[in-house]
Amino acid sequence: MEQPNNKTNSANSNGNEYFVIKAKDNGVHVIGLTRGQDTRFHHTEKLDKGEVMIAQFTEHTSAVKVRGKALIMTKYGTIDTEE
């Protein structure tokens with residue numbers, strides 16, 4: 001399989017890790033926040049029960065807010081938003 005030659009691929013070589021969000025209920029919101037002096041919302045996704053989103057921090061995304069019942073899986077462990 002050919003590997004794409006783009007910024008995402010080079011970002012991975014800088015240590016940016018992927019994380020997984022799995023919705024446990026309908027209407028889970030995943031909100032990306034920007035880097036820089038002013039933190040702003042730059043992307044929003046809505047997941048329904050059972051849907052999975054694979055994401056990563058990038059040069060533009062410094063934080064992610066998850067609203068609703070979901071499992072968030074990282075290399076550091078799994079977080080259940082109901083706890």
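Bear in mind that the values here come from a model prediction, so they are computed numbers and not experimental data.

(A) Main features of the confidence of the model for the protein. Residue-level pLDDT values for the protein average 82, and 81% of them are 70 or greater. Throughout residues 1-14 the model reports pLDDT below 50, and contacts reaching past four residues in sequence, or to other chains, amount to eight contacts.

(B) Summary view of the side chain of D80. Relative to the assigned elements, D80 resides in strand 7 (residues 77-80). A distance of 3.0 Å separates a polar atom in the side chain of D80 from a polar atom in the side chain of K24. In this structure the side chain of D80 is engaged in a polar contact, spanning 3.0 Å, whose partner is the backbone nitrogen of E82. Here D80 is in contact with K24, A70 and L71, once residues within four sequence places are set aside.

(C) Here's a closer look at the sheet that holds strand 5 (residues 61-67). Strand order in this open sheet of three strands is 3-2-5, and the pairing throughout is antiparallel. Edge positions in the sheet fall to strand 3 (41-47) and strand 5, since each has one partner strand and no second. Strand-to-strand twist across the sheet, computed as the mean angle between neighbouring axes with direction ignored, equals 20 degrees. When strand 2 (residues 28-34) meets strand 5, the two strands line up antiparallel, connected through six bridges.

Cut-offs used in this document
- Residues numbered from 1 in each chain as written.
- Predicted model: local features only at pLDDT ≥ 70, side-chain atom pairs only at ≥ 80, totals over all residues.
- Heavy atoms only, no water.
- pLDDT = per-residue confidence, 0-100.
- Contact = heavy atoms within 4.5 Å.
- Helix = DSSP H or I, 4+ residues; strand = E, 2+ residues; numbered from the N terminus.
- Polar contact = N/O pair within 3.5 Å; in protein donor to acceptor, adjacent residues only side chain to side chain.
- Pairing = 2+ DSSP bridges.
- Axes fitted to C-alpha atoms, helices over the stretch in contact; angles between N-to-C directions.

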